[in-house]
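Each chain, letter by letter, is given below.
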Amino acid sequence: MKTELCTVLSIEKPIISAPMGGAAGPALVAAVSDAGGFGVIPLWDKPVEQVRNGIAEVRALTSRNFAVNLNLSFPYEDQLQACIDEQVFAVSLFWGMEPAAIKAAKAGGLVVMASIGTAEEARIAADAGADIIVAQGWESGGHVWGRVATMALVPAVVDAVDKPVVAAGGIADGRGMAAALMLGASGVWIGTRFLASKEATIHDAYQQGILRASESQTEWYQDLYDVAWPNAPHRALANSTSEKWRNAGSPTPGDRPDEGEIIGRRPSGEPVVRYQSYTPLSDTTGDIAAMSLWAGQGVSLVREIMPAAKIVEEISRDAERALRSCCASLFDDQV
Ligand SMILES: Cc1cc2nc3c(=O)[nH]c(=O)nc-3n(C[C@H](O)[C@H](O)[C@H](O)COP(=O)(O)O)c2cc1C
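This structure is a prediction, so every number in the text was calculated from the model and none was measured.

Describe in detail the domain arrangement of the chain, supporting the description with residues and values.
On domain assignment, one finds that the chain holds domain 1 (10-200 + 305-330) and domain 2 (204-298). Summarising the inter-unit geometry, the C-alpha centres of domain 1 and domain 2 are found 24 Å apart. Residue-level contacts link 24 residues of domain 1 with 24 residues of domain 2. Among the residues domain 1 hides against domain 2, the three largest losses belong to His143, Leu195 and Ile305. Together they make up 26% of the total. Summed over the shared surface of domain 1 and domain 2, the result is zero salt bridges. Of all elements in the fold, only β7 (142-143) and α9 (192-195) reach the threshold of two or more residues within the side of domain 1 that touches domain 2.

What follows is the structure, given as structure tokens:
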């Protein structure tokens, strides 16, 4: 299976592992790139020196290309310059539409992936020179920029721009990938499914929660968890924290029940408090299930913890099968 995305990124399988703060580290990114897909490492919360280290860590594990993910709601200029200096292959820009950032990255020789939530934003990104448009649907796990569902967003974006469009949100298996390609996407951007990879750096209890959850057990919140930047709606598994908050009438921050309660400790020993935006890492202790367990609506399709390379292989194989068999069975009189 070869799409325009494969050509732009020099990859064999049009599957991108989404940047996931606290969950997608160098091992996951390298495994996906080595498997013929494309990994994206989130380094937006790191000072410049650690951005350089993060790039070096991925390079120590793979000689394949990958992208660095930066967050445009923070000062990004120095981090971007580090990516340019280090000659990373691509940069992924999210949470904001800044033509200046896209132009600066292009001028520095990087392939630019711009995450958007509407066709209008896609046009702005494409006009500024973005090479790849990531259309993030509302089903997505983590921080959700857009309000439109993937099914409606992707074709609208495909019609709006003459660039490869990557579908994100709710895609967790080969059927989802096949559907995205039928909508005109050139590839898929997958987060939640890779939370159940062996390489994901999250706590076992979080992974088990992902395996158990049904499609109706994630919720979209305007501001349940205290995200580090303003206006950052998010989707996570419903849990005891969201239940407490809902039972109290969904109050705004400042009035939520048990604010400030320590519910666990980071591996460093620092406390994790209720409503904190924190992705529990492997060595976190405490009430893991009460923490911010980001997940998208495709969670019900995630049934097994697998090596990331196997996930890439399985999704690619099943998408190809779905496309071939579906088309043949619908029109078998013409085959
Ligand atoms: C645990 C988690 C952390 C995330 N962190 C980031 C991030 O740091 N940067 C980013 O651009 N997107 C982030 N996202 C969103 C993903 O890039 C992606 O859009 C989303 O996971 C796609 O939907 P899916 O989870 O249904 O596959 C995160 C998602 C999850 C689940």
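What follows continues from the structure just given.
Any chance you could break down the environment of Ala196 for me, citing the residues and the numbers?
Looking at the secondary structure, you find Ala196 in the loop between α9 and α10 (204-212). In the structure, Ala196 is positioned 106 residues away from Val302 in sequence and 7.1 Å away in space, judged by C-alpha atoms. Apart from residues lying up to four places away in sequence, Ala196 is in contact with Gln207, Leu211, Val302, Glu304, Ile305, Met306 and Ile311.

Break down the packing of aromatic side chains for me, with residues and values.
Inspection of the entire model under this criterion finds 13 aromatic pairs. Consider the rings of Trp44 and Phe74, whose centres lie 5.7 Å apart with planes at 15 degrees: the pair is stacked. Of this pair, Trp44 sits in the loop between β2 (38-42) and α3 (48-61) while Phe74 sits in the loop between β3 (66-71) and α4 (77-85); the two residues are 30 residues apart in sequence, bridging distant segments of the chain. Aromatic side chains Phe94 and Trp95 sit 6.4 Å apart centroid to centroid with 80 degrees between the ring planes, which places their arrangement in the edge-to-face category. By relative accessible area, which is 14% here, Phe94 ends up buried. By way of ring pairs, the aromatic residues Trp44, Phe74, Phe94, Trp95, Trp145 and Trp229 are connected into one cluster. Directly above the aromatic system of Trp138 lies the positively charged group of Arg235, at a separation of 4.4 Å from the ring centroid.

Can you lay out the pattern of salt bridges for me, pointing to particular residues and giving the numbers?
A full pass over the atoms with the stated rule returns 17 salt bridges. Between Arg321 and Asp318 there is a salt bridge whose closest N-O contact spans 3.9 Å. Placement of the pair is Arg321 and Asp318 together in helix α12 (residues 308-330), with a separation of three residues, close to one helical turn. With a closest N to O distance of 3.0 Å, Glu320 and Arg324 form a salt bridge. Remark: Arg324 and Glu320 occur in helix α12; sequence separation between them is four residues, near one turn of the helix. Judged by relative accessible area, Glu320 falls into the partly exposed class, the value being 31%. Because the salt bridges share partners, they merge into one network encompassing Arg52, Arg59, Asp85 and Glu86.

An account of the sheet that holds β3 is needed here, citing residue identities and associated values.
Within a sheet, each strand pairs with its neighbour through backbone hydrogen bonds, oriented either parallel or antiparallel. Spatially, eight strands are ordered β1-β2-β3-β4-β5-β6-β8-β9 in a closed barrel, and the strand pairing comes out parallel. Taken over all neighbouring pairs, the strand axes of this sheet differ in orientation by 25 degrees on average, direction set aside. The sheet contact formed by strand β8 (residues 165-168) and strand β9 (residues 187-190) spans three bridges and is parallel. Within β9, the position partnered with Ala167 by the bridge is Val188. Contacts between helix α2 (residues 26-34) and the sheet are confined to β1 (15-17), β2 and β3, with β2 contributing the most and set at about 165 degrees to the helix.

Here is what the cut-offs are and how they apply
Residues numbered from 1 in each chain as written. Predicted model: local features only at pLDDT ≥ 70, side-chain atom pairs only at ≥ 80, totals over all residues. Heavy atoms only, no water. Domains from an automatic or database assignment. Contact = heavy atoms within 4.5 Å. Buried area = accessible area lost by both parts, 1.4 Å probe. Salt bridge = Lys/Arg side-chain N within 4 Å of Asp/Glu carboxyl O. Helix = DSSP H or I, 4+ residues; strand = E, 2+ residues; numbered from the N terminus. Phe/Tyr/Trp six-rings, centres within 6.5 Å; stacked < 30°, edge-to-face > 60°. Buried < 20%, exposed > 50% of the residue type's maximum accessible area, 1.4 Å probe, protein only. Lys NZ or Arg CZ within 6 Å of the ring centre and 35° of its normal. Pairing = 2+ DSSP bridges. Axes fitted to C-alpha atoms, helices over the stretch in contact; angles between N-to-C directions.

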